[in-house]
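Report on the structure
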Amino acid sequence: MKKGIEVSIAASIAAKLARVEAIAAYPITPQTHIVEHLAEIVANGELDAVYINVESEHSAMSACCGSSATGARTFTSTSAQGLELMHEILFIASGMRFPIVMATVNRALSSPLSIWGDHSDVMAARDTGWIMLFCENGQEVVDMIIMAFRIAEDRGVLLPVMVNLDGFSLSHVIEPIELPSQMMVDKFLPPYSPLYTLHPNKPVTMGAYAMPELYTEAKYAQEMAIINSKEIIKNVMDEFGKQFGRQYKPVETYNTENADFVFVALGSIGENIKTAIDELKGEGKNAGLVQLRLFRPFPSEELFSVLKDKKRVAVIERVMPAGAPNGPLFQEISSVMCTNSLLMHMENYIVGLGGRDVLPESFIDIFNGTACEKSTVPIRDKNFKVIGVRG
Amino acid sequence: MAKPMEEYKWHELNVGCVIEEVGNAREYKTGDWRSFKPVWNNEKCIKCGLCWLYCPDATVFKTNEGFYLSNLDYCKGCGICAKECKPGAIKMVEEGR
């Protein structure tokens, strides 16, 4: 049965359904509702978990690493500056192969100070070795958090997973969401059985240093783990689909079969693009949407098989690629095309920075090729277009 | 570790590079990046043991005669022993001389 519920609250209930054993968190807008509600759940005795109050996100992620090392199922959540403050520990969590799950409520980075949503924070953390999932709506947030633990704790993966949801436009929205029963989640997600734990009866060393003779091998092993996780992620998604009736794929498509033109996007903006696609369809024009549920490991093959026969691709991003020729998503897709020796017409649009509204009309303008005439000031040496900038 | 680290292949490493055996640090000689080494003058030495006490890596040991020496496999050449030696019996000498 579906229930009208705030997505942040639903995210904390998903963590509860996953029976997390340790939560270390620091409040930061727009993530606060998630950990606030989790604190309430723990305080009410509804969840048997250790709730660690810390003095910063740097400590929150450090505490998560510690609790994960002892074999506890660990959850945290953050946003923007908080994610950047965690930055160095993000590498430690992935390098030491701790299956921590973090809900990252995406928000713009200072300065100028902005509490609203865009992807500046997660894009700055994209190469930290975390598996990254992106959600389009509240239902996906709940499902992804449950799946994230299953993926992270798989013996073939053992890597931290970040579940990304857009700040405010997703986190603070009340949506009809189907919350699975505890019994169903228990059936899908067995208790975490760690490979190594810190225990006085059997001492081990974790996080030792590696001399130049060994660091390359250690990093290669970690890279192989994240690359090989893709197949496991697909299997977990399939199994989730069979059990819960909601099927997810690393790369999802909408109306791409008939269209020569496709948008590629991440996160909740996909819903607006779908509205634009439906409107275009009414006018007899065909556009498609490719949405990445999985961003790390990058689903290169899946993406290539969808995009290879398209005539025009518009990559939509919510981050300002400072000093770069293009946005990060565009660069990754073009590198996939290059390695497959395929040159195609690709455009890069920067939209919705710092919570700026993005309406379906913008995507219709992009499709019609009129978006730039209306609202774009060209920048020398740049290939991307910033939609809506006043010049 | 069961073999020298430069012989390990990437897939032979434990997940997260966890080390399961206790005390294997002694297999790695960490004194190879030292540029100065301590040299004891036993004529000045009063066998007080301050060098042994202050060595941050516990490389200083007591000989059968009651004098002191540093295990150069692990000595980093920090010079703390020489600095703390009250009678001035320890001199830091450049490696290779």
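So, here's what we can say about the structure. (Residues numbered from 1 in each chain as written. Chains lettered and ligands numbered in written order. Predicted model: local features only at pLDDT ≥ 70, side-chain atom pairs only at ≥ 80, totals over all residues. Heavy atoms only, no water.)

1. Considerations on the interface of chain A and chain B
The interface is formed by 21 residues belonging to chain A together with 16 residues belonging to chain B. Counting the surface lost from both chain A and chain B, the interface buries some 1600 Å², and carbon and sulfur atoms represent 73% of this. Contact with chain B buries area across many residues of chain A, yet Tyr196(A), Thr205(A) and Leu214(A) alone supply 32% of it, more than any other trio. Between the two partners, chain A and chain B, sit one salt bridge. Between Glu20(B) and Lys202(A) there is a salt bridge whose closest N-O contact spans 3.7 Å. Along the contact surface separating chain A from chain B lie two residue pairs in polar contact (both at pLDDT 80 or more). Top element by residues in the side of chain A that touches chain B is helix H9 (residues 212-244) of chain A. It accounts for seven residues. (Contact = heavy atoms within 4.5 Å. Buried area = accessible area lost by both parts, 1.4 Å probe. Salt bridge = Lys/Arg side-chain N within 4 Å of Asp/Glu carboxyl O. Polar contact = N/O pair within 3.5 Å; in protein donor to acceptor, adjacent residues only side chain to side chain. Helix = DSSP H or I, 4+ residues; strand = E, 2+ residues; numbered from the N terminus.)

2. What about the sheet that holds strand S9 (residues 251-254) of chain A?
Residues and elements named next belong to chain A. Ordered in space as S9-S11-S10-S13-S14-S15, the six strands form an open sheet in which the pairing is mixed. Each end of this open sheet is capped by a strand with a single partner; those strands are S9 and strand S15 (384-386). Put simply, the sheet's adjacent strands are angled 25° from each other on average, direction ignored. Pairing of strand S13 (residues 312-317) with strand S14 (residues 345-350) involves six bridges; the strand directions are parallel. (Pairing = 2+ DSSP bridges. Axes fitted to C-alpha atoms, helices over the stretch in contact; angles between N-to-C directions.)

3. Side note on the sheet that holds strand S4 (residues 74-78) of chain A
Residue and element names in this part refer to chain A. Read from one edge of the open sheet, seven strands run S3-S2-S4-S5-S7-S6-S12, paired in mixed fashion. Either end of the sheet is taken by a strand with one partner, and the two such strands are strand S3 (50-53) and strand S12 (294-296). Pairwise comparison of adjacent strand axes, ignoring direction, gives a mean angle of 20° for this sheet. Pairing analysis gives two bridges linking strand S6 (residues 131-134) to S12, with the strands arranged antiparallel. Bridging across to S12, leucine 133 finds its partner in leucine 294. Strands strand S2 (22-25), S3, S4 and strand S5 (101-106) of the sheet are contacted by helix H3 (residues 57-69), whose axis makes an angle of about 165° with S4.

4. Some thoughts on the pattern of salt bridges
All names here are of chain A. The final tally for this structure, using the stated rule, is 24 salt bridges over all chains. Between aspartate 166 and arginine 318 there is a salt bridge; the shortest N-O distance is 3.9 Å. Of this pair, aspartate 166 sits in strand S7 (residues 161-166) while arginine 318 is found in the loop between S13 and helix H12 (328-339), placing the two residues 152 residues apart along the sequence. By the burial criterion, aspartate 166 is buried, and arginine 318 matches it. Of the charged contacts, one joins lysine 310 and aspartate 309 as a salt bridge, the two residues approaching to 4.0 Å between their closest N and O atoms. Judged by relative accessible area, lysine 310 falls into the buried class, the value being 10%. Here the residues in one salt-bridge network are Glu136, Glu140, Glu252, Lys274 and Arg293, joined through shared partners. (Buried < 20%, exposed > 50% of the residue type's maximum accessible area, 1.4 Å probe, protein only.)

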